[in-house]
Amino acid sequence: MQDDVQVGRTPRVVPPVLMYHSVSPATTPDPNLLRVHPDRLHAQLRALTRMGLRGVSLRELVRARDRGEGARLVALTFDDGYRDFLEHAVPVLDRHGMTGTVYVVTGRLGGENEWDEGPRLPLMNADEVRAVAAAGHEVGSHSTSHAHLAGLDPAALREEVTGSRLALEEVLGGPVDGFCYPYGDFDEAAARAARDAGYDHACVTRDYSVADRFTIPRFYVGQQDTGPRLAAKLGRHLLARARSR
């Protein structure tokens, strides 16, 4: 799947970015459709390889596009920072020679996904977040508390966006480049806050209406996405990208 749009400081930024959440072999109810079995992830990554694509972190994809490269790269992103990313996703990614970006909620490290109705899932703690980074994956911020950011008052918005970056940089001992808006929910003030906080890039969900460096759209990938379904989603992404220009 050729995608020749360069990612730079230009108005339109629409590279292919896949959005995952939990990767787990659990068989408990999954009403929010957050879970992908490790075997399904393996099959999806194998399908990408057969399409001539390689999964990388969003940071790597953005940097490649800044150089005018990376037409055969897709970004793999994992929201919320579930512990199962380290336990189950990282081994599958390693098997395929791929990397990803995991977005953590800095005020909930070592806790659970209290923002969701439904099953509680454990989140990585600070040591586990550092282990993910040491394994070569990007760790980005998913805000401080997983709040809806659109319409938030300026002080609260600053804490969710800037505060989370500072906290995560303290955990990692280095700069944090990426931000992900919880629920994909953003407005002009939230996007401006991400720029002002010093992030290099930020991503949303499905929304192709702006599609600049701080509102990079992604599409959902779930347990039902076989190789052909994943290829179809990539095709729809290309169509949405073309319409957004």
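Right above here is the structure, for reference.
Below, the structure is looked at part by part. (Residues numbered from 1 in each chain as written. Predicted model: local features only at pLDDT ≥ 70, side-chain atom pairs only at ≥ 80, totals over all residues. Heavy atoms only, no water.)

Attention now moves to unusual backbone geometry. Although it is not a glycine, Ser 143 sits at a positive phi angle of roughly 85°. Topologically, Ser 143 is positioned in the loop between strand E7 (138–141) and helix H5 (154–172). The phi dihedral of Tyr 183 is positive, around 65°, even though this residue is not glycine. As for its position among the elements, Tyr 183 is in the loop between strand E8 (178–180) and helix H6 (188–196). (Helix = DSSP H or I, 4+ residues; strand = E, 2+ residues; numbered from the N terminus.)

Centre distance and the angle of the planes are the two values used to describe a pair of aromatic rings. Counted under the stated rule, the structure contains 5 aromatic pairs. Taken together, a centroid distance of 5.2 Å and an interplanar angle of 90° make the contact between Phe 179 and Tyr 181 edge-to-face. Tyr 181 shares its class with Phe 179; the two are buried. By way of ring pairs, the aromatic residues Phe 179, Tyr 181, Phe 186 and Tyr 199 are connected into one cluster. (Phe/Tyr/Trp six-rings, centres within 6.5 Å; stacked < 30°, edge-to-face > 60°. Buried < 20%, exposed > 50% of the residue type's maximum accessible area, 1.4 Å probe, protein only.)

Let's shift gears to helix H1 (residues 38–50). When the terminal C-alpha atoms of H1 are compared, their 18 Å separation across 13 residues agrees well with the 18 Å that a helix rising 1.5 Å per residue should span. By the burial criterion, the buried members of H1 are Pro 38, Leu 41, His 42, Gln 44, Leu 45, Ala 47 and Leu 48. (Expected span 1.5 Å × (residues − 1).)

Moving on to the side chain of Ser 143. With relative accessibility at 0%, the residue Ser 143 sits in the buried group. Looking at Ser 143, its side chain comes within polar contact range of the main-chain nitrogen of His 146, at 2.8 Å. Once residues lying within four places of it in the same chain are set aside, the contact partners of Ser 143 are Val 104, Val 105, Thr 106, Glu 160, Ser 164, Phe 179 and Pro 182. (Polar contact = N/O pair within 3.5 Å; in protein donor to acceptor, adjacent residues only side chain to side chain. Contact = heavy atoms within 4.5 Å.)

Moving on to the nonpolar core. Note on soluble globular proteins: their nonpolar side chains tend to be buried together. Ranked by internal contacts, the top residues of the largest apolar core, which has 47 residues, are Leu 18, Leu 48, Leu 76, Phe 78, Val 161 and Tyr 181. Look past the residues within four positions of Phe 78 in its chain and what remains in contact with it is Tyr 20, His 21, Val 23, Phe 85, Ala 89, Leu 93, Gly 100, Thr 101, Val 102 and Tyr 103. (Core = buried A, V, L, I, M, F, W, Y, C linked by side-chain atoms within 4.5 Å.)

What follows deals with H5. The end-to-end C-alpha distance of H5 is 26 Å, a good match for the 27 Å that 19 residues give at a rise of 1.5 Å each. If you look at H5, its biggest bend is around 30°, right at Gly 163. Turning to H5, its buried residues are Leu 157, Glu 160, Val 161, Gly 163, Ser 164, Arg 165, Leu 168, Glu 169 and Val 171. Each element contacted by the buried residues of H5 is listed here: strand E6 (101–104), helix H4 (126–134), E7, E8 and H6. For H5, the N-terminal capping position is held by Asp 153, with its side-chain oxygen 3.1 Å away from the main-chain nitrogen of Ala 155. (Bend = angle between axes of the 7 residues up to and from the residue.)

Attention shifts here to the pattern of salt bridges. For the coordinates displayed, the defined rule picks out 13 salt bridges. The salt bridge partner of Asp 66 is Arg 213, with a shortest N-O separation of 2.9 Å. You can see Asp 66 sitting in helix H2 (residues 58–66) and its partner Arg 213 sitting in the loop between strand E9 (201–203) and strand E10 (219–220), a full 147 residues away along the chain. A salt bridge links Arg 67 to Glu 69, with the nearest nitrogen and oxygen atoms 3.1 Å apart. (Salt bridge = Lys/Arg side-chain N within 4 Å of Asp/Glu carboxyl O.)

Okay, the pairing of strand E5 (residues 73–80) next. With respect to burial, E5 is a largely interior element, 8 of its 8 residues being buried. By the bridge criterion, 4 bridges tie strand E1 (residues 17–20) to E5 in an arrangement that is parallel. Residue Val 17 lies in a different strand from E5, and its bridge partner there is Ala 75. Sheet analysis places strand E4 (residues 54–56) next to E5, joined by 3 bridges and oriented parallel. Looking at the pairing, Gly 55 lines up with Val 74 of E5. Handedness of the crossover joining E4 and E5 through H2: right-handed. In this structure, E5 lies alongside E6, joined through 4 bridges in parallel fashion. Among the inter-strand pairings, Asp 80 is bridged to a residue of E6, identified as Val 104. The parallel pair E5 and E6, bridged by helix H3 (residues 83–95), forms a crossover whose chirality is right-handed. (Pairing = 2+ DSSP bridges. Right-handed = clockwise from strand over helix to strand, strands pointing away.)

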